[in-house]
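# Residue-level structural notes
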Amino acid sequence: MDPAVTALCVKEDLTRCAINTPNEENYVDRPWLPVQIQDLEIGVPAPQTPKYQQLAQQILDMTERVYDGSQTVSESVAEACSKIDAILAEA
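Computed from a predicted structure; not experimentally measured.

## Section: the overall build of the chain
- For the chain, the helix and strand inventory stands at five helices and zero strands.
- Each helix and strand of the chain, ordered N terminal to C terminal, gives the series α-α-α-α-α.
- Within the span of the chain, comprising 91 residues, buried residues form 19% of the whole.
- Partitioning the contacts of the chain with sequence separation of at least 6, the portion at a separation of at least 24 is 38%.
- Of the roughly 7,100 Å² that the chain leaves accessible, carbon and sulfur atoms contribute 58%.

What follows is the structure, given as structure tokens:
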């Protein structure tokens, strides 16, 4: 087992870690697991500031407009910036 995963298991004081090595059967059903664990090493919790949900929604909307083809990247970013500025300007 990867030392980082072992450290995670020990840190959490788990009697049996749910993370499986590549040779174990459950690992085959979860090929995304090593990537997720690696990402946890650098992840930080989302800041729950008073306007966080509104700001996060604008980022999501910006991305969706590009993916669905309704706007170019530049158009979508400009719209998001405008909306985010308005949210931050609210008292």
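## Focus: the pattern of salt bridges
- For the structure shown, the criterion picks out two salt bridges.
- Residues glutamate 79 and arginine 65 are paired through a salt bridge, measuring 3.6 Å at the closest nitrogen-oxygen approach. One end of the pair, glutamate 79, is in helix α5 (residues 73-89); the other, arginine 65, is in helix α4 (residues 52-67), with 14 residues separating them in the sequence.
- A relative accessible area of 25% places glutamate 79 in the partly exposed class.
- Judged by its relative accessible area of 12%, arginine 65 is buried.
- Ionic pairing is found between lysine 83 and glutamate 79, a salt bridge with its closest N-O pair at 2.8 Å. In this pair, lysine 83 and glutamate 79 are both assigned in helix α5, four residues apart and thus about one turn of the helix distant.
- Taken together, the salt bridges that share partners define one network made up of Arg65, Glu79 and Lys83.

Cut-off values and rules
- Residues numbered from 1 in each chain as written.
- Predicted model: local features only at pLDDT ≥ 70, side-chain atom pairs only at ≥ 80, totals over all residues.
- Heavy atoms only, no water.
- Helix = DSSP H or I, 4+ residues; strand = E, 2+ residues; numbered from the N terminus.
- Buried < 20%, exposed > 50% of the residue type's maximum accessible area, 1.4 Å probe, protein only.
- Contact = heavy atoms within 4.5 Å.
- Areas by Shrake-Rupley, 256 points an atom, 1.4 Å probe, with all protein chains shown as cover.
- Salt bridge = Lys/Arg side-chain N within 4 Å of Asp/Glu carboxyl O.

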